[in-house]
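Structural overview for review
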Amino acid sequence: MSQTPHVDWFALAPTLSLLGASGIALLGAVLVPRAAVRAFSVAVTGAGFVVSAVFAAFLFDRSADPTLLLSESMTRDRLGAFAALLLALVGLAIVLASWGDRRRDHVGEYYALLAASAAGMVFFVSSSSLLTMFLALEWLSISLYILCSLDTHRRESLEAGLKYLIIGSFSSGILLFGCALVYGATGELGFDAIREATGADNPMFVTGMAMILAGLAFKVSAAPFHMWTPDVYQGAPTSVTAFMATATKLSALVVTYRILVTAFPEQAEIWSVAVAVIAVCSLAIGNLAAIAQKDVKRMLAYSSVSHAGFLLIAVAANSEDGATSLLFYLIPYVAATAGAFVVVAARERELGRPVSVASLEGLGWERPFLGVGMWVFMLSLAGFPLTGGFLGKLFVFSAIYEAGWWWLVVIGVLATALSLAYYLNIVRALYMRPGEIAPGPIVATGGSPPRDLLLDTAVAAGIVVTIGSFFFVQPLVDLARDAAASLPL
Amino acid sequence: MLTTLLIAVPLVAAVVVWILPLSKESTSGLALLAVLAEVGLWVGGARNFDFSSQTQQYSASREWFSDLGISYSVGLYGFQYWLVGLTIVVGAAAIGYALWAGRERPRAYYGLMLFLIGSLVGLFSSQDLLLFYVFFEAMLIPIYVLIGVWGGPRRVKATVTFVLYTMLGSMLMLASVVAFGITQGTFELSEIGTSSNDWIFLGFLAAFFVKSPILPFHGWLRITYTEAPPELSAILSGVVPKAAVFGLVWIVLPHFPGPVDDFRGLVLVLSAATLAYGSLVAFRQPDIRGVVAYSSMAQMGLIMFGIFAVNDLGLDGAILHSINHGLVSAGFFLLAGIIETRAGTGEFARLGGLAKGRPALASIVLMLGMFTLAVPGSTNFAGEFAILAGVFDRGWGYAAVGAAGMVLAAMYALRLISAILHDRRGSAGTDTGDLVSGELVLVIPLVAILAVLSAYPALISERSFPLDQPASFISSQETPSR
């Protein structure tokens, strides 16, 4: 009788509940009558995300001491649980918001893939060896490739899927090459083992580390590894874009931080400079390019590149405060970004065509609730007070200032000032019209579909989190600090 | 507790007004009720306020973001109480004007207006550096939308210009706030020490210079004051620049004594330039709002004199003159709105001769004009005199420029009066009547307060700082740097 390793099912529960939901939804796509498929899949995947979130919350509570599981291939700690909780909540919001998508075919598959990729991400964030990290990355990526091209009747969607597939595979290849080099230099796969291994000072090792960083930066969509982002975000179905801009970025950042501080702490002087350079590139390219965009999804794509820059500043700080500020920043960022894409999706359904800045005109008066939502999300992304985005930026800046890199603070505030140009442009489109006309009723430019209660719920949740993370910042920061404490900083 | 209440009443009222689906009349009535309640609170609080006390009063403090040492900490000293009072009085007049003008989309309008008033009150009473910054930024949100939706024909350009200038200033200030607060380990103003870092000092200065505005940061001034609805211009010129006054007096002077000394010459020269430039340009403006806008800029230059003199006379004068200027300039913008509504224009070329048969309008314009040109005996004269006496200590040249500024003020104020009231009868507005009682109710309180202050300017100037010793009080706020 062979010895099997002990399996901590509780630590795997957030992943497994999503995987289970995905499987059931996939079966339902075949077995359930066509008319009921949508309701069935939403119910199943929604329940899967809720259960996963509950498990993640319990896991957070009961994992004060990080433990390595399954022959050191994954770790059970608060960082993973924190990220899993965020991922599950985002997924739930996306499930709610995509109810009104009026997708005709691939309904069951859509929800099943959403849950499957979320399961991959949850596994990704707690991976602790090069092998499981790569495995989880492929798991979530392959689900996303299919999700991007799910609207087979739209050329843009197919194009997005193909682009993401090619560039994604390329980046996975780089990551894998880097893993191989690191393994070759140290003979170890586990993050902790790599740190303790000897022979870490040879060039092969450093090259491998750089390639791993580059591979992950593709997923974070940080410049100069961002070129796929605008096309894919624009072409993919909007709810999928919302999921990618939040969940993928979140999980990739958490893993980036985890591997850098767990496996490569000795090389911190090298990678913190590299990360800072990537951050500055992202801030510059993301903000400048976003100003020129007319399509809202494209603009939000570049905005997400620039936010990758802010988040990487926190990584470059390489301190406990840096990790905490990264995790805290993610909360309002995820809420505002997901919310903004959801509002865009609602407008898209109304108009039946892609949403440009001009076609948002009058939305604020026509649909006051969505308008206020979009307003709040834009202000939060721009870092205005009374939204969590402001405190997130402040926290990141203070972390990097304490690390002694004051010039990154200056670049950060200049980038923020620049970003106002396009965020306030959206606000202007929502409420103001140029020219001589006095304010009066603005004629609806689109149709008037019935109110979508589930979508409104998702937007309301986004607003509550965005504003709530401003007023109740300390409890959230405490959570983030607990989560960051599981890293060896 | 009272301070929190003063901040909360407008903010809560803003949300209530915005959410409740009431009719236009009820919405504006509710908003007016809220500001009147605010006035009542302030007056009630003034009766128990000890203006000579050495500690802040009505203070409240709560943990907020303790990891960075940020707290919700508010409290009032004498000068803050006056600035809060200015906000509330001008805010009430502005809301009254909006009610009289019957603004469209009332729920959004009054919600934003009350939000603006609430954040200004919060700004003037904050005792935490970051809280100050939060209110400083938060007030931009309502201003942006109020101009952009309810403004004049070129409103969109005005919003862009205004936001561009202010945000560039405030972003530099944000960098300074982070750097200053993090090095000191706290953002609490009473605990924060001094700094001799010139860059941090300049970051603050940039934001406050844009807000005032001080030459050469004034590019947003004209279009913003012209395109904003008049009642918003009243707040923008009367109250918002006082955020810079408060920031300089309460953040920069106590915590950056070294850089203040080093840069005093530069700041005073810029202020003198602002005063001269603003006065001269005001004299050449073709419409009412232009004159008031640039005169407002000139007066801010003068107030800056008083602040950077950093002595008892200068600081007392700066606070007194801030209040005076706020009331005069708010009154003039409301009057400009009233005249524009009647005549359809504020351009001098088409106005004139309005004094005939309109005694109330003529008296009000004349009185406000007299206050503007600081006729001896007026409270403006008292304020300007104290400032000039204060800045004389720092060099007689500055005082000379200031005195020349007073002469220039007489020139543009008299030109304004005669262009509206006298001259040839203009093509516009010949068939409009005198001010009606609704309009008088808006403007008379402002004039009455100015009259009271003229009789007794010491009401403010001797009750702004503990023991009436501003300079030593401010330097006593310096706690040793760590």
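These numbers were taken from a predicted model, which means no experiment stands behind them.

Describing the overall build of chain A
Across its full length, chain A carries 19 helices and two strands. Over its C-alpha trace chain A gives a radius of gyration of 22 Å, about what one expects of a compact globule, namely 23 Å for 489 residues. Projected onto the principal axes, the alpha-carbon positions of chain A cover approximately 70 × 60 × 40 Å. Taking the intrachain contacts of chain A between residues at least 6 apart in sequence as the baseline, contacts between residues at least 24 apart amount to 79%.

Some words on the overall build of chain B
Summing up its helical and strand segments, chain B has 20 helices and two strands in all. Whereas a compact globule of 482 residues would reach a radius of gyration of roughly 23 Å, chain B reaches 21 Å, a difference of no more than 12%. Considering only C-alpha atoms, chain B reaches an extent of 70 × 60 × 45 Å along its principal axes. Put simply, chain B has 482 residues, and 62% of those count as buried. In chain B, of all internal contacts separated by at least 6 residues, the share reaching a separation of at least 24 is 81%.

Focus: unusual backbone geometry
At the junction of Ser212 of chain B and Pro213 of chain B, the peptide bond is cis and its omega measures out at -10° in the coordinates. Turning to its location among the elements, Pro213 of chain B is positioned in the loop between helix H8 (198-211) and helix H9 (221-227). Cis geometry marks the peptide bond from Leu215 of chain B to Pro216 of chain B; its omega dihedral reads 0°. You can see Pro216 of chain B is positioned in the loop between H8 and H9. Backbone geometry places Ser221 of chain A, a non-glycine residue, at a positive phi of 55°. Following the sequence through the fold, Ser221 of chain A ends up in the loop between helix H8 (203-220) and helix H9 (228-235). A positive phi angle is found at Tyr58 of chain B, which is not glycine, with a value near 50°. One can find Tyr58 of chain B in strand E1 (residues 57-65). Taking the number of C-beta atoms within 10 Å as the measure of exposure, Tyr58 of chain B has 19 and is therefore partly exposed.

Comments concerning the pairing of E1 of chain B
All names here are of chain B. Strand direction decides the pairing type here: E1 and strand E2 (residues 70-76), joined by six bridges, are antiparallel. Bridge pairing links Ala60 to Val74 in E2. Here E1 folds back onto E2 in antiparallel fashion, the turn holding four residues, of which Gly69 has a positive phi close to 75°.

A look at the interface of chain B and chain A
Tallying the contact residues gives 28 residues for chain B and 29 residues for chain A. Here the side of chain B that touches chain A gets eleven residues from one element, more than from any other, and that element is helix H7 (residues 155-184) of chain B. Here the residues of the side of chain B that touches chain A sort into 21 nonpolar, two polar and five charged.

Comments concerning the packing of helix H13 (residues 288-309) of chain B against helix H16 (residues 379-392) of chain B
Residues and elements named next belong to chain B. The interhelical angle for the contact between H13 and H16, taken along N-to-C directions, is 45°, at an axis separation of 8 Å. Between H13 and H16, the angle is such that the two are oblique. In the crossing of H13 with H16, the sense of the turn from one axis to the other is left-handed. Counting all contacts with H13, which are made through Leu302, Phe305, Gly306 and Ala309, the residues of H16 involved are Glu384, Ile387, Gly390 and Val391.

Topic: the nonpolar core
Counting 396 residues, the largest nonpolar core has Leu87 and Val342 of chain A together with Ala93 and Met113 of chain B as the members making the most contacts within it. The residues touching Met113 of chain B, leaving out its near neighbours within four places in the chain, are Ala31, Ala94, Ile95, Ala98, Pro142 and Leu146 of chain B.

Some words on helix H5 (residues 129-138) of chain B
All names here are of chain B. Among the ten residues that make up H5, ten are buried, leaving the element largely enclosed by the rest of the structure. Listing the buried residues of H5 in full gives Leu129, Leu130, Leu131, Phe132, Tyr133, Val134, Phe135, Phe136, Glu137 and Ala138. Buried-residue contacts for H5 involve E2, helix H4 (106-125), helix H6 (140-150), H7 and helix H11 (241-255).

Regarding the confidence of the model for chain A
Put simply, chain A has an average pLDDT of 88, and 96% of its residues get 70 or more. Below pLDDT 50 for its whole length, residues 435-444 of chain A participates in nine contacts with residues either more than four positions away or in separate chains.

Some thoughts on the confidence of the model for chain B
This prediction gives chain B a mean pLDDT of 89; 98% of its residues lie at or above 70. Across the whole predicted complex the pTM is 0.92, and at the interface the ipTM reaches 0.90.

What about the environment of Leu440 of chain B?
Residue and element names in this part refer to chain B. In this fold, Leu440 is placed in helix H18 (residues 437-455). You can call Leu440 partly exposed: it has 15 C-beta atoms within 10 Å. Between the alpha carbons of Leu440 and Gly258 there is a distance of 49 Å; along the sequence they are 182 residues apart. Contacts of Leu440, omitting those with residues within four sequence positions, involve Ala360 and Leu435.

Focus: the environment of Val315 of chain A
All names here are of chain A. With respect to the helices, strands and loops of the structure, Val315 is situated in helix H12 (residues 296-317). A C-alpha to C-alpha distance of 8.5 Å links Val315 and Leu253, two positions 62 residues apart in sequence. When neighbours within four sequence positions are excluded, Val315 is seen to be in contact with Thr256, Tyr257, Leu260, Val275, Gly322 and Leu326.

Section: helix H3 (residues 78-101) of chain B
All names here are of chain B. Its 24 residues place the ends of H3 35 Å apart at the C-alpha level, agreeing with the 34 Å of an ideal helix rising 1.5 Å per residue. With 22 of 24 residues buried, H3 is to be regarded as a mostly interior element. Remark: Gly102 follows H3 within two positions and exhibits a positive phi of approximately 65°.

Here we look at the packing of helix H13 (residues 320-351) of chain A against helix H16 (residues 388-402) of chain A
All names here are of chain A. Where H13 contacts H16, the axes come no closer than 8 Å and their chain directions differ by 160°. Judged on the interaxial angle alone, H16 and H13 are roughly antiparallel. Between H13 and H16 lies a crossing of left-handed hand. The segment H13 lies against H16, with Asp321, Gly322, Ser325, Phe328, Tyr329, Ile331, Pro332, Tyr333 and Ala336 engaging Gly388, Gly389, Gly392, Phe395, Val396, Ala399 and Glu402.

So, the environment of Val32 of chain A
Residue and element names in this part refer to chain A. Turning to its location among the elements, Val32 is positioned in the loop between helix H1 (9-31) and helix H2 (37-61). Through-space distance from the C-alpha of Val32 to that of Gly108 is 9.6 Å; in sequence the pair is 76 residues apart. Excluding anything up to four places from it in sequence, Val32 contacts Val37 and Phe40.

Each value, and the rule that gives it
- Residues numbered from 1 in each chain as written.
- Chains lettered and ligands numbered in written order.
- Predicted model: local features only at pLDDT ≥ 70, side-chain atom pairs only at ≥ 80, totals over all residues.
- Helix = DSSP H or I, 4+ residues; strand = E, 2+ residues; numbered from the N terminus.
- Rg over C-alpha atoms; globule rule 2.2 N^0.38 Å.
- Contact = placed C-beta atoms within 7 Å.
- Buried ≥ 20, exposed ≤ 12 C-beta atoms within 10 Å, placed from the backbone.
- Pairing = 2+ DSSP bridges.
- Nonpolar A, V, L, I, M, F, W, Y, C, P; charged D, E, K, R; others polar.
- Axes fitted to C-alpha atoms, helices over the stretch in contact; angles between N-to-C directions.
- Parallel < 35°, antiparallel > 145°, perpendicular 65-115°, else oblique.
- Left-handed = near helix turned anticlockwise from the far one by under 90°.
- Core = buried A, V, L, I, M, F, W, Y, C linked by C-beta atoms within 7 Å.
- pLDDT = per-residue confidence, 0-100.
- Expected span 1.5 Å × (residues − 1).

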